[in-house]
Amino acid sequence: MEGSGGTYNSRTAEEVFRDFRGRRAGMIKALTTEVDKFYQLCDPEKENLCLYGLPNETWEVNLPAEEVPPELPEPALGINFARDGMDEKDWLSLVAVHSDAWLLAVAFYFGARFGFDKEARRRLFNMINNLPTIYEVVTGTAKKQSKEKTPNSSTKSNKSSSKMQSRQAESKPSKMPAPKEEGSGEEDEEEEDEEHGNTLCGACGDNYANDEFWICCDVCERWFHGRCVRITPARAEHIKQYKCPACSNKRARA
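Conventions used here
- Residues numbered from 1 in each chain as written.
- Predicted model: local features only at pLDDT ≥ 70, side-chain atom pairs only at ≥ 80, totals over all residues.
- Heavy atoms only, no water.
- Helix = DSSP H or I, 4+ residues; strand = E, 2+ residues; numbered from the N terminus.
- Buried < 20%, exposed > 50% of the residue type's maximum accessible area, 1.4 Å probe, protein only.
- Contact = heavy atoms within 4.5 Å.
- Pairing = 2+ DSSP bridges.
- Phe/Tyr/Trp six-rings, centres within 6.5 Å; stacked < 30°, edge-to-face > 60°.
- Lys NZ or Arg CZ within 6 Å of the ring centre and 35° of its normal.
- Expected span 1.5 Å × (residues − 1).

Participant: It is not clear to me how the overall build of the chain should be interpreted in this structure. Could you clarify?
Facilitator: For the chain, the helix and strand inventory stands at 11 helices and 4 strands. Among the 254 residues that make up the chain, the fraction classed as buried is 44%. Relative to all contacts within the chain whose residues are 6 or more apart in sequence, the contacts with residues 24 or more apart total 65%.

Participant: How should unusual backbone geometry be read in this particular structure?
Facilitator: Here the phi dihedral of Glu57 falls at roughly 70 degrees; this positive angle occurs in a residue that is not glycine. Examined against the element boundaries, Glu57 turns out to sit in the loop between β1 (50-53) and β2 (59-62). Judged by its relative accessible area of 39%, Glu57 falls in the partly exposed class.

Participant: What is the right way to read the pairing of β2 from this model?
Facilitator: Along a regular strand, successive side chains alternate from one face of the sheet to the other. The sheet contact formed by β1 and β2 spans 4 bridges and is antiparallel. Among the inter-strand pairings, Tyr52 is bridged to a residue of β2, identified as Glu60. Between β1 and the antiparallel strand that follows it, β2, lie 5 residues; Glu57 among them carries a positive phi value of about 70 degrees.

Participant: What am I meant to see in the packing of aromatic side chains here?
Facilitator: Scanning the model with the defined rule gives 8 aromatic pairs in all. Ring plane angle 15 degrees and centroid distance 6.3 Å describe the contact between Phe17 and Phe20, whose orientation is recorded as stacked. With Phe17 and Phe20 both in helix α1 (residues 13-31) and 3 residues apart, this pair spans about one turn of that helix. Accessibility assignment for this pair places Phe17 and Phe20 in one class, buried. For the pair Phe38 and Trp91, a centre-to-centre distance of 5.3 Å together with 15 degrees between the ring planes defines the contact as stacked. One end of the pair, Phe38, is in helix α2 (residues 35-41); the other, Trp91, is in helix α3 (residues 88-113), with 53 residues separating them in the sequence. The burial state of Phe38 is the same as that of Trp91; both residues are buried. Three or more aromatic residues joined by ring pairs form one cluster here, namely Phe38, Tyr39, Trp59 and Trp91. The aromatic ring of Tyr39 is capped on one face by Arg83, whose charged end is 4.4 Å from the ring centroid.

Participant: What exactly am I supposed to notice about α3 here?
Facilitator: Structural remark: α-helix, 3.6 residues per turn; residues separated by three or four positions point the same way. The end-to-end C-alpha distance of α3 is 37 Å, a good match for the 38 Å that 26 residues give at a rise of 1.5 Å each. Looking one or two residues past α3, Gly115 carries a phi angle of roughly 70 degrees, positive in sign.

As structure tokens, then:
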């Protein structure tokens, strides 16, 4: 099957969720960090095309399955036809909405196929619901929701902490969140952990983790895992103004 991503051996809600999460990560890459490549592949002159997310966190634009009925639910057809007739942001948002619907269809297709009971279906839904949707990641809604959850009295933010660190060092801006000061109280540490924990990677949509390197785009102000945008801490020290792949590609097309 074209776009199927191989065979399926998932049997538990957790295994189906891992499949869901891998496909979701691939589709988010297509619509964010690898959007320029995705844009070019969606040529309106070609036949009906679909965006497939694969379990190994990759994606592909391909023709729909020829089998009737298909092995898996199929994503929205003809996403390429609307590319040039809409504003790019609106088009990507539309693809994101259909991608969310497809991911849910595939996940619960597996649930039905493997005979999940009520508890297994609830467990699967709860795990999925704890992640932002692709639409929320692509449109920045997830970031806005995170900010709303952050207390207004908080005196720290991801961006300000990065800028504060750069001023203290009197060197080129560091893209990592500022380290905690020695002697800070447990309450401050908990507050900072909670605030950073609401931050979502603009590429994969996962939450902030203290043990991972992050970098902030100076244009759209979204945060990314260094590994998602292929930036190391050493490389970040030599970047005066960082632009994420999506912002760089927009300027290139303009």
